[in-house]
Amino acid sequence: MHHRLGALLMTPSVPAPLVARTPPLGEPSAWHEISLTVNGRPVAAEVESRLLLSDFLRDRLGLTGTHVGCEHGVCGACTVLVDDAPVRTCLTLAVQCDGAEIRTVEGLAPADTPLTPVQRAFHECHGMQCGFCTPGFVMTATALTEQSERPAEEHVADALSGHLCRCTGYRNIRRAVCQALDERFGE
(Lines give C-alpha, C1' and ligand atoms only; values in the text may rest on other atoms or scores of the structure.)
Protein backbone atom coordinates (compact mmCIF):
# COMPACT_ATOMS: atom_id res chain seq x y z
CA MET A 1 0.00 0.00 0.00
CA HIS A 2 2.81 2.36 0.81
CA HIS A 3 4.32 1.77 -2.64
CA ARG A 4 0.99 2.51 -4.27
CA LEU A 5 0.55 5.77 -2.31
CA GLY A 6 4.02 6.84 -3.41
CA ALA A 7 3.14 6.20 -7.03
CA LEU A 8 0.00 8.28 -6.69
CA LEU A 9 1.90 11.15 -5.14
CA MET A 10 4.45 11.15 -7.97
CA THR A 11 1.87 11.07 -10.74
CA PRO A 12 1.52 14.56 -12.12
CA SER A 13 -1.96 15.88 -11.67
CA VAL A 14 -3.74 17.12 -14.76
CA PRO A 15 -5.61 20.37 -14.18
CA ALA A 16 -9.24 20.49 -15.11
CA PRO A 17 -9.88 22.25 -18.42
CA LEU A 18 -10.95 25.88 -18.30
CA VAL A 19 -14.41 26.60 -19.56
CA ALA A 20 -14.99 30.03 -21.06
CA ARG A 21 -18.33 31.56 -20.30
CA THR A 22 -20.21 33.23 -23.09
CA PRO A 23 -20.91 36.83 -22.15
CA PRO A 24 -24.48 38.06 -22.40
CA LEU A 25 -25.28 39.73 -25.69
CA GLY A 26 -25.85 43.47 -25.75
CA GLU A 27 -27.17 44.23 -22.32
CA PRO A 28 -29.39 47.33 -22.37
CA SER A 29 -26.85 49.29 -20.31
CA ALA A 30 -24.19 48.58 -22.96
CA TRP A 31 -25.97 50.76 -25.55
CA HIS A 32 -26.26 54.53 -25.49
CA GLU A 33 -28.13 57.10 -27.52
CA ILE A 34 -25.79 59.87 -28.63
CA SER A 35 -26.39 63.11 -30.48
CA LEU A 36 -23.54 65.04 -32.00
CA THR A 37 -22.66 67.22 -34.95
CA VAL A 38 -20.31 65.83 -37.59
CA ASN A 39 -19.03 68.20 -40.26
CA GLY A 40 -21.91 70.57 -39.56
CA ARG A 41 -24.63 67.93 -39.80
CA PRO A 42 -26.59 66.58 -36.82
CA VAL A 43 -26.15 62.88 -36.10
CA ALA A 44 -28.17 60.74 -33.71
CA ALA A 45 -27.15 57.14 -33.18
CA GLU A 46 -27.28 54.25 -30.80
CA VAL A 47 -23.77 53.07 -29.98
CA GLU A 48 -22.28 50.35 -27.87
CA SER A 49 -20.20 51.53 -24.91
CA ARG A 50 -16.97 50.17 -26.35
CA LEU A 51 -17.35 51.54 -29.91
CA LEU A 52 -14.32 53.62 -30.84
CA LEU A 53 -14.86 57.00 -32.44
CA SER A 54 -12.67 55.87 -35.37
CA ASP A 55 -14.98 52.91 -36.03
CA PHE A 56 -18.08 55.07 -35.63
CA LEU A 57 -16.81 57.64 -38.15
CA ARG A 58 -15.49 55.12 -40.67
CA ASP A 59 -17.95 52.23 -40.42
CA ARG A 60 -21.19 53.88 -39.33
CA LEU A 61 -20.87 57.26 -41.08
CA GLY A 62 -18.66 56.27 -44.03
CA LEU A 63 -16.07 59.01 -43.30
CA THR A 64 -13.03 57.00 -44.32
CA GLY A 65 -10.72 60.02 -44.50
CA THR A 66 -10.10 59.35 -40.82
CA HIS A 67 -7.30 56.82 -41.22
CA VAL A 68 -6.55 54.15 -38.65
CA GLY A 69 -2.86 53.36 -38.31
CA CYS A 70 -1.38 52.18 -35.05
CA GLU A 71 -4.61 52.02 -33.00
CA HIS A 72 -2.58 53.08 -29.95
CA GLY A 73 -2.65 56.88 -30.29
CA VAL A 74 0.97 57.07 -31.46
CA CYS A 75 0.80 57.77 -35.21
CA GLY A 76 -1.83 60.53 -35.27
CA ALA A 77 -3.38 59.38 -38.58
CA CYS A 78 -6.83 59.18 -36.99
CA THR A 79 -6.84 62.74 -35.64
CA VAL A 80 -10.06 64.75 -35.98
CA LEU A 81 -11.25 67.91 -34.27
CA VAL A 82 -13.65 67.43 -31.37
CA ASP A 83 -14.97 70.79 -30.19
CA ASP A 84 -12.07 72.36 -32.15
CA ALA A 85 -9.35 70.36 -30.37
CA PRO A 86 -7.29 67.62 -32.07
CA VAL A 87 -8.29 64.19 -30.73
CA ARG A 88 -7.09 60.67 -31.53
CA THR A 89 -10.18 58.73 -32.57
CA CYS A 90 -8.53 55.38 -31.85
CA LEU A 91 -8.35 56.32 -28.16
CA THR A 92 -11.76 57.95 -27.88
CA LEU A 93 -15.07 56.20 -27.42
CA ALA A 94 -17.99 57.39 -29.53
CA VAL A 95 -20.13 57.67 -26.40
CA GLN A 96 -17.67 60.24 -25.01
CA CYS A 97 -18.58 62.57 -27.89
CA ASP A 98 -22.25 62.89 -27.01
CA GLY A 99 -23.10 66.56 -27.54
CA ALA A 100 -19.79 67.33 -29.25
CA GLU A 101 -19.01 68.94 -32.58
CA ILE A 102 -16.68 66.83 -34.71
CA ARG A 103 -14.87 67.85 -37.85
CA THR A 104 -13.12 65.36 -40.10
CA VAL A 105 -10.96 65.99 -43.13
CA GLU A 106 -14.03 65.48 -45.34
CA GLY A 107 -15.68 68.47 -43.68
CA LEU A 108 -12.88 70.95 -44.39
CA ALA A 109 -13.54 71.55 -48.09
CA PRO A 110 -16.62 69.73 -49.33
CA ALA A 111 -16.91 68.97 -53.05
CA ASP A 112 -16.96 71.98 -55.35
CA THR A 113 -15.49 74.34 -52.73
CA PRO A 114 -11.97 75.75 -52.63
CA LEU A 115 -9.33 74.06 -50.51
CA THR A 116 -8.71 75.53 -47.07
CA PRO A 117 -5.44 77.43 -46.55
CA VAL A 118 -4.02 74.37 -44.74
CA GLN A 119 -4.98 71.98 -47.54
CA ARG A 120 -3.66 74.38 -50.16
CA ALA A 121 -0.36 74.76 -48.26
CA PHE A 122 0.08 70.98 -48.03
CA HIS A 123 -0.50 70.79 -51.78
CA GLU A 124 1.80 73.70 -52.68
CA CYS A 125 4.61 72.65 -50.31
CA HIS A 126 4.41 68.95 -51.23
CA GLY A 127 3.63 68.16 -47.60
CA MET A 128 2.48 64.66 -48.42
CA GLN A 129 3.61 61.61 -50.28
CA CYS A 130 1.50 58.48 -49.85
CA GLY A 131 -1.15 60.52 -48.04
CA PHE A 132 -1.92 58.06 -45.26
CA CYS A 133 -0.83 60.38 -42.44
CA THR A 134 -1.99 63.55 -44.19
CA PRO A 135 -5.55 63.82 -42.78
CA GLY A 136 -4.22 63.75 -39.22
CA PHE A 137 -1.55 66.36 -39.95
CA VAL A 138 -4.11 68.55 -41.76
CA MET A 139 -6.56 68.40 -38.85
CA THR A 140 -3.87 69.32 -36.31
CA ALA A 141 -2.62 72.14 -38.55
CA THR A 142 -6.21 73.35 -38.93
CA ALA A 143 -6.55 73.56 -35.16
CA LEU A 144 -3.29 75.54 -35.01
CA THR A 145 -4.49 78.05 -37.63
CA GLU A 146 -7.80 78.52 -35.84
CA GLN A 147 -6.23 79.74 -32.61
CA SER A 148 -6.75 83.39 -31.73
CA GLU A 149 -3.00 84.10 -31.73
CA ARG A 150 -0.18 82.60 -33.73
CA PRO A 151 1.19 79.65 -31.78
CA ALA A 152 4.85 79.74 -30.80
CA GLU A 153 7.20 77.60 -32.88
CA GLU A 154 7.69 75.29 -29.89
CA HIS A 155 3.92 74.74 -29.70
CA VAL A 156 3.77 73.96 -33.44
CA ALA A 157 6.69 71.54 -33.15
CA ASP A 158 5.05 69.86 -30.16
CA ALA A 159 1.71 69.53 -31.97
CA LEU A 160 3.34 68.01 -35.04
CA SER A 161 5.48 65.64 -32.96
CA GLY A 162 2.31 63.69 -32.21
CA HIS A 163 2.20 62.48 -35.82
CA LEU A 164 4.29 59.92 -37.65
CA CYS A 165 5.04 59.94 -41.36
CA ARG A 166 7.01 57.10 -42.89
CA CYS A 167 7.46 58.72 -46.31
CA THR A 168 8.89 62.19 -45.71
CA GLY A 169 11.52 63.90 -43.63
CA TYR A 170 8.85 66.22 -42.19
CA ARG A 171 10.52 69.30 -43.76
CA ASN A 172 7.73 69.88 -46.30
CA ILE A 173 5.05 69.17 -43.70
CA ARG A 174 6.53 71.81 -41.38
CA ARG A 175 6.87 74.21 -44.30
CA ALA A 176 3.19 73.68 -45.22
CA VAL A 177 2.06 74.35 -41.66
CA CYS A 178 4.21 77.50 -41.48
CA GLN A 179 2.79 78.71 -44.81
CA ALA A 180 -0.78 78.22 -43.54
CA LEU A 181 0.08 80.02 -40.28
CA ASP A 182 1.71 82.87 -42.22
CA GLU A 183 -1.41 83.24 -44.34
CA ARG A 184 -3.69 83.17 -41.30
CA PHE A 185 -1.65 85.54 -39.12
CA GLY A 186 -0.31 87.76 -41.88
CA GLU A 187 3.40 87.13 -41.81
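Given the structure is predicted, the values throughout are model-derived calculations rather than measurements.

## Observations concerning the pairing of strand 1 (residues 31-38)
Moving on, step 1. Judged from the 8 bridges that link them, strand 1 and strand 2 (residues 41-48) form a sheet pairing that is antiparallel. Counted as the bridge partner of Leu36 is Val43 from strand 2.
Moving on, step 2. Hairpin geometry of strand 1 and strand 2 is characterised by an intervening segment of 2 residues between the two adjacent antiparallel strands and by a positive phi of about 55 degrees at Asn39.
Moving on, step 3. By the bridge criterion, 2 bridges tie strand 1 to strand 5 (residues 101-103) in an arrangement that is parallel. Residue pairing for strand 5: Thr37 is matched across the bridge by Glu101.

## Let's talk about the pairing of strand 4 (residues 85-88)
In summary, the side chains of a regular strand alternate between the two faces of the sheet.
Moving on, step 1. Pairing between strand 3 (residues 79-82) and strand 4: 4 bridges, direction antiparallel. Following the sheet pairing, Thr79 is matched in strand 4 by Arg88.
Moving on, step 2. Counting the residues that bridge the hairpin from strand 3 to strand 4 gives 2 residues, and of these Asp83 lies at a positive phi of roughly 50 degrees.

Conventions we followed
- Residues numbered from 1 in each chain as written.
- Predicted model: local features only at pLDDT ≥ 70, side-chain atom pairs only at ≥ 80, totals over all residues.
- Heavy atoms only, no water.
- Pairing = 2+ DSSP bridges.
- Helix = DSSP H or I, 4+ residues; strand = E, 2+ residues; numbered from the N terminus.

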